[in-house]
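# Fold and contact review
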Amino acid sequence: MNYFSSNFKLGILGGGQLGKMLLNNTRKFDIYTCVLDASNEAPCKIASNEFHLGDLMDYDAVYNFGKQVDVLTIEIENINVDALEALEKEGVKVFPASKTLRTIQNKATQKLFYTDNNIPTAPFSRFAYTSEIKEAISHGGLTLPFVWKCAQFGYDGTGVKIVRSLSDLEGLPNVECIAESLIPFKNELAVIVVRNEAGEVKTFPVVEMEFHPEANQVEYVICPARIDNEMVKKANTIALKTSQAFNHVGLLAVEMFQTKDDDILVNEVAPRPHNSGHQTIESSYTSQFEQHIRAILNLPLGQTDSKVGGVMVNLVGEEGYTGNVVYKNIDTIMKMDGVTPHIYGKKQTRPFRKMGHVTIVNKDLSKARQIAEDVKKTIKVISE
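Numbering of residues begins from 1 in every chain and follows the order in which that chain's sequence is written. Thresholds applied to this predicted model are a pLDDT of at least 70 for local features of residues and 80 or more for the giving and counting of side-chain atom pairs; totals over whole chains, interfaces and linings are not thresholded and use all residues. Derived side-chain values reflect all non-hydrogen atoms in the structure, with water molecules and hydrogen atoms excluded from consideration.

### Focus on the packing of aromatic side chains
- Here the aromatic set is Phe, Tyr and Trp, taking the six-membered ring for Trp, and pairing holds for ring centres within 6.5 Å; pairs whose planes are under 30 degrees apart are stacked, those over 60 apart are edge-to-face, and all others are tilted. Following the criterion strictly, the structure yields seven aromatic pairs and no others.
- Between phenylalanine 4 and phenylalanine 29, the aromatic rings sit 6.0 Å apart at their centres with planes inclined by 70°, giving edge-to-face as the arrangement. Remark: phenylalanine 29 occurs in helix H1 (residues 17-29) and phenylalanine 4 occurs in the segment before strand S1 (10-13); sequence separation between them is 25 residues.
- Three or more aromatic residues link up through ring pairs in this structure, and these residues are Tyr3, Phe4, Phe8 and Phe29.
- As a reminder, the over-ring test applies to NZ of lysine and CZ of arginine, requiring each to be within 6 Å of the ring centre and within 35 degrees of the ring normal. Between the NZ or CZ atom of arginine 369 and the centre of the ring of tyrosine 220, over which it lies, the distance is 4.0 Å. Under the scheme used here, helices are H or I runs from DSSP no shorter than 4 residues and strands are E runs no shorter than 2 residues, and both carry numbers assigned from the N terminus.

### Let's talk about the packing of helix H4 (residues 98-105) against helix H5 (residues 107-116)
- Axis geometry follows a simple rule: fit a line to the C-alpha atoms, using only the stretch in contact for helices, then measure angles between N-to-C directions, giving values from 0 to 180 degrees. It is at 5 Å that the axes of H4 and H5 come closest, and there the two elements cross at 105°. By the angle between their directions, the pair H4 and H5 is classed as roughly perpendicular. Contacts between H4 and H5 involve Thr103, Ile104 and Gln105 from the former and Lys107, Thr109, Gln110 and Phe113 from the latter.
- Under the grouping applied here, Gly and all other residues not named as nonpolar or charged are polar, the nonpolar ones being Ala, Val, Leu, Ile, Met, Phe, Trp, Tyr, Cys and Pro and the charged ones Asp, Glu, Lys and Arg. In terms of residue class, the contact of H4 with H5 is made up of two nonpolar, four polar and one charged. If an angle is under 35 degrees, it is roughly parallel; if it is over 145, roughly antiparallel; if it lies from 65 to 115, roughly perpendicular; otherwise it is oblique. Should any heavy atoms of two residues lie within 4.5 Å, those residues are counted as being in contact.

### A look at the pattern of salt bridges
- The salt bridge definition used is simple: a Lys or Arg side-chain nitrogen within 4 Å of an Asp or Glu carboxyl oxygen. Counted according to the given criterion, the structure contains 20 salt bridges.
- Among the ionic pairs, glutamate 50 bridges to lysine 9, the shortest N-O distance being 3.1 Å. Taken together, the residues span a long stretch of sequence, with glutamate 50 in strand S3 (residues 50-53) and lysine 9 in the segment before S1 at a distance of 41 residues.
- Accessible area is worked out with a 1.4 Å probe on protein chains only. A residue is then buried under 20% of its type maximum, exposed over 50%, and partly exposed in between. Judged by relative accessible area, which is 24%, lysine 9 ranks as partly exposed.
- Two residues, arginine 369 and glutamate 210, come together in a salt bridge whose shortest N-O distance is 2.8 Å. Here the residue arginine 369 occupies a position in helix H11 (residues 365-378), and glutamate 210 occupies one in strand S12 (residues 207-211), the gap between them amounting to 159 residues.
- You can call arginine 369 buried: its relative accessible area is 13%.
- By relative accessible area, glutamate 210 is classed as partly exposed at 22%.
- One network of salt bridges, in which partners are shared, links Glu208, Glu210, Arg226, Arg369, Glu373 and Lys377.

### With respect to H1
- When the terminal C-alpha atoms of H1 are compared, their 19 Å separation across 13 residues agrees well with the 18 Å that a helix rising 1.5 Å per residue should span.
- Taken together, the buried positions of H1 are occupied by Gln17, Leu18, Gly19, Met21, Leu22, Leu23, Asn25 and Thr26.
- On its buried face, H1 sits against S1, strand S2 (33-37), helix H8 (280-283), helix H9 (288-296) and strand S20 (354-362).
- Two residues or fewer after H1 comes aspartate 30, characterised by a positive phi angle close to 55°. Multiplying one less than the number of residues by 1.5 Å gives the expected span of a helix.

### Section: the side chain of glutamine 105
- Residue placement: glutamine 105 occurs in helix H4.
- At a separation of 2.8 Å, a polar atom in the side chain of glutamine 105 contacts the main-chain carbonyl oxygen of glutamate 77.
- Discounting residues that sit within four places of it in the chain, glutamine 105 has contacts with Glu77, Asn78, Ile79, Val81, Ala151 and Gln152. Definition of a polar contact: a pair of N or O atoms within 3.5 Å, with one able to donate and the other able to accept a hydrogen when the atoms are protein atoms, and with sequence-neighbouring residues admitted only if both atoms are side-chain atoms.

Now the structure itself:
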C-alpha cells in the first residue's frame, strides 16, 4: 500500500501530547492523519489533517471514526475496546489489537497475564472493592505494607498509593483494585520494544527512571541506564519475552523493577509511545514516535541505537498554580548546552499536570544528568 502523499488515512485515538509527537512524523512522511479526542483544545488539533470531536469511551464515536480510516492506533489506553473489536472484524487494522488493549486496560487482568505467561512480577492480591482489603488484613490474608492500585483508569500517579497503615486506606475509592507487595528495588527501568506485522523486532536501550516522591510521576529518564551489562541483558530478555507473549504490533513500553537481589520484575506495560522514550527524539537515530508509525504500517524498522547520551525532564505544573500557563525562565534553560524544550500545547496548567518535557543530550551522561537538574531547578510551569 502507498502511505505517502496518497489517499491512505491513518487514525489516532487520543489527541494529547503523544499524538502531537506522532503527528510530527506523519507530517514528515506526508501521511494523511485523522485524530479523535473529546477536547476541542487537544494538542493534536492544529497538526492533524482531520480533527474529530468525540468521547474515546463512547462506542459509536470510536466505531464511526474508525470506519473512516485504513489503520487505527492509539496514544492513550482508555478507549472503548468493544468498538475496536467490531472494527477489526470488519477489516480495519487496529494496533494495538483490541485483545491486547483489553488485557492491559485492567491492572488486575494485566497482572494475571504475567502470571499465566511466567513473566516475573511482584506478588499481588485482587479485590472487587477496596473495602474488602481491611478484612483481608484482619484475617492475615494480606500484610502491610503494600501498594494499592485501582484496576482501571489510573494514570500518571493517580490510582496508586503506598499503604503502610490502615489509615492510609481512608479516602481511597471503593473500586476494583489490587494490593501489590511493596518491592525493595535499586532501580526502576524501562525497555521499549517495537515490532511490525512482518515480525521484525527491535529494542531501544534500557533506560533508568527517577520518580517524583509526591506525584508518583517520572521526573527524569536517563538513557542509557546506569547498570551493568548483565542487568541490561536481563532487562532486555524479559522485555522481549513480555512482547512475545502479547504478540503486539507497534511499541510496547515495559516498565520494570531491578530488585535489591538483582532480579527483574515487570511492573506494567503501555502499548504506545511512552514517557520513557521521549529522549529518543534528540538522542536516537530513530525516535520512538517514528518507530511506532513504521511498525503499525509494516515498514522496515529504523535503527534504535543512541547517537548520544540523553536525559529527559518532565515539565509539570507547579503546586499552587492553576490557570493560563507561563513557562518561567524558559529562555534561561535554552542557553544551556544540549537543551531542547518540548511544549505540549496545553493552555491551562494545574499542579502536576504534564505540560511538556526537556531533553538534554551530552556525550558525558553524568554531565547531562547535572544539566537536567539545573533545568529542573530553573524552569517553572506557573500561571498568569
